[in-house]
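# Structural characterization, general
So you can see what is in the structure, the chains are spelled out below.
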Amino acid sequence: MEEERITLKARELKRYEVIKRVLRKEVRQESAAALLELTSRQLRNLMGRVREQGAKGLVHGNRGKPSPRKMSEARKERIVMIMRSRYPDFPPLLGSEKLREREGIEVSRETLRQIMLEVGLWKRRRRKRDDYIWRERKAQVGEMVQMDGSHHAWLEERGPRLVLMGYVDDATGRFYGRFYDHEGVWPAMDSFRGYIARYGLPQSLYLDRHSTYKTSRGANTEEALRGEKAKTQFEMACGELGVMVIHARTPQAKGRVERVFRTLQGRLVREMRLGGIRDLDRANRFLEDYLPEFNERFMKAAREAQDLHRPLPKSVVLEDILCLKDIRTILDGYLVKWGGRIFVLQSPSLSVRRQKVLVLEDKEGRIRVRYKGRDLEIREVHQPPPVRKTQPVAPLKPPVRRKYTPPPDHPWRHTGLF
C-alpha cells in the first residue's frame, strides 16, 4: 500500500495508526473498534478506505474546498453597505433582526458578527466579572418584583434625557416600564399605579437605597409612638397596600432589572431612533407597543403556575394612598401649614381647634385636609391673618424699703417710770 504525504489531524492520525495495525493483523477488529469508540461496521468502512486511498481515505472530502453555503462576495458587500449606512452601531443580534425585518436579508447573528469584525463595525468585548452569590429566581409570578430607574440618553441627541422607571418580575423576567423626566416620588408612585392597573398588587418590591425609597432621617414623634422606623412616602404607600419593601445593598443583588436595562439600552434606543421618537409622550406610546413583543421574546416561564398578584380591593382608593401625606396641627386662626403653603379652614367649629389633621397632596398639587375621615373645606391664603399683639407689661419693681423712725409720741419712747 503506497503511503501519501498528507497532514492528518490528531484524531485522524490516531485512527490511521490503529487501522494500520489491524491491517497487519496485530490487533483484533473488536479491540480496535472499542479503542477508537467506533462500531465494527464503521471500522470496516474506514479500513476499506485506507486500503484504497491510504491516509487520504480518512480525510473528509470537503477539506480545503469552499463551503457550498458560503456567502457570495456580492451579498456580503451589500450587507456591509446597509450596516454602514443604516445600522452602524447596531450589535450583531439586533442587526440581524433588522436586516430580516426591514431589508429582507436572512443572515445569522454569528455570520453577521464575523462580517462586522472583519470590516471594523464591531469589536470583541470582554467584560470583567465580579464574584457574587447566585440567587435562584422566585418560583411564582408576583412573588417579588424588582424596581429601579434607569438614567440614560434614551432619545440620544433628539430629545431630553429621560429616566425609565422599570419593573421586572423575578420569576419570569417580564418587564413593565414608563418614561419620566426624573426619578422621584411622583414617578415612582405613578409608575406603580400603572403596574397595579395592569398586573395587580405584587407580594413584595425589591428596591435600591435611593432617597425616594429609603430615608436616612430619624423617626418622628408619631412613628416613635407607634414603634416604627422612619419611612419615605413611597414606603408608607406600599405598606398601606400590603406590599413588602425590600432594600438591596448592592447593584448585583437586583441584577435582573439591571440586565434588562442593559438590554433595553442596546435595543430600545435604536428602535426609537428608527421610529423618529423625540419627546416624552411619544416615547411612552412607543413603549406600550414595544414591550409586549419584547416580553414575548425574553421572558421565561415560572417554575410554578400560580400568580401571586392580588387584585386591588374595591374599597381601596389609590388617590388616598399614592400621594404625599402627613399629620399637621390646626393652628391659631384655624390655619394649616403644608410645604411652605398656608390654608385656612372655611366655616370651622370650635371642636377642631388645635386638633391633629391629615394633609394629602396629589401629583397636581391639590391639597386636602382630612379630620376623622371627613375632608374639611379649606382655602389657600398667601399671607396669614394678622395676629393681635398685646403691649408688654413692665415687670413689677420691688418697693423701696425706707428706714422707719418712730415719732416722738411713740409708746416705746415712754417707759412709764416718770
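Data block above holds the structure.
The rules behind the values
- Residues numbered from 1 in each chain as written.
- Predicted model: local features only at pLDDT ≥ 70, side-chain atom pairs only at ≥ 80, totals over all residues.
- Heavy atoms only, no water.
- Helix = DSSP H or I, 4+ residues; strand = E, 2+ residues; numbered from the N terminus.
- Buried < 20%, exposed > 50% of the residue type's maximum accessible area, 1.4 Å probe, protein only.
- Pairing = 2+ DSSP bridges.
- Axes fitted to C-alpha atoms, helices over the stretch in contact; angles between N-to-C directions.
- Polar contact = N/O pair within 3.5 Å; in protein donor to acceptor, adjacent residues only side chain to side chain.
- Contact = heavy atoms within 4.5 Å.

### Remarks on the environment of A305
Position of A305 among the secondary structure elements: in the loop between α11 (280-298) and β6 (324-329). A relative accessible area of 84% means that A305 is categorised as exposed. Each C-alpha atom, one on A305 and one on A139, is 8.6 Å from the other, the two residues being 166 residues apart in sequence.

### Structural notes on the sheet that holds strand β4 (residues 204-207)
If you walk across this open sheet you meet the five strands as β3-β2-β1-β4-β5, and the pairing is mixed. Edge positions in the sheet fall to β3 (175-180) and β5 (244-247), since each of these pairs with one other strand and no more. Strand after strand, the sheet turns through a mean of 25 degrees between neighbouring axes, direction not considered. In this structure, strand β1 (residues 145-152) lies alongside strand β2 (residues 162-169), joined through eight bridges in antiparallel fashion. Across the sheet, residue D148 finds its bridge partner in β2, namely G166.

### Examining the side chain of K98
Locating K98 in the fold gives a position in helix α5 (residues 92-103). Among the polar contacts made by the side chain of K98, one reaches the side chain of E101 at a distance of 2.9 Å. Those residues in contact with K98 that lie beyond four places of it in its chain are Y87, F90, E103, E271 and L274.

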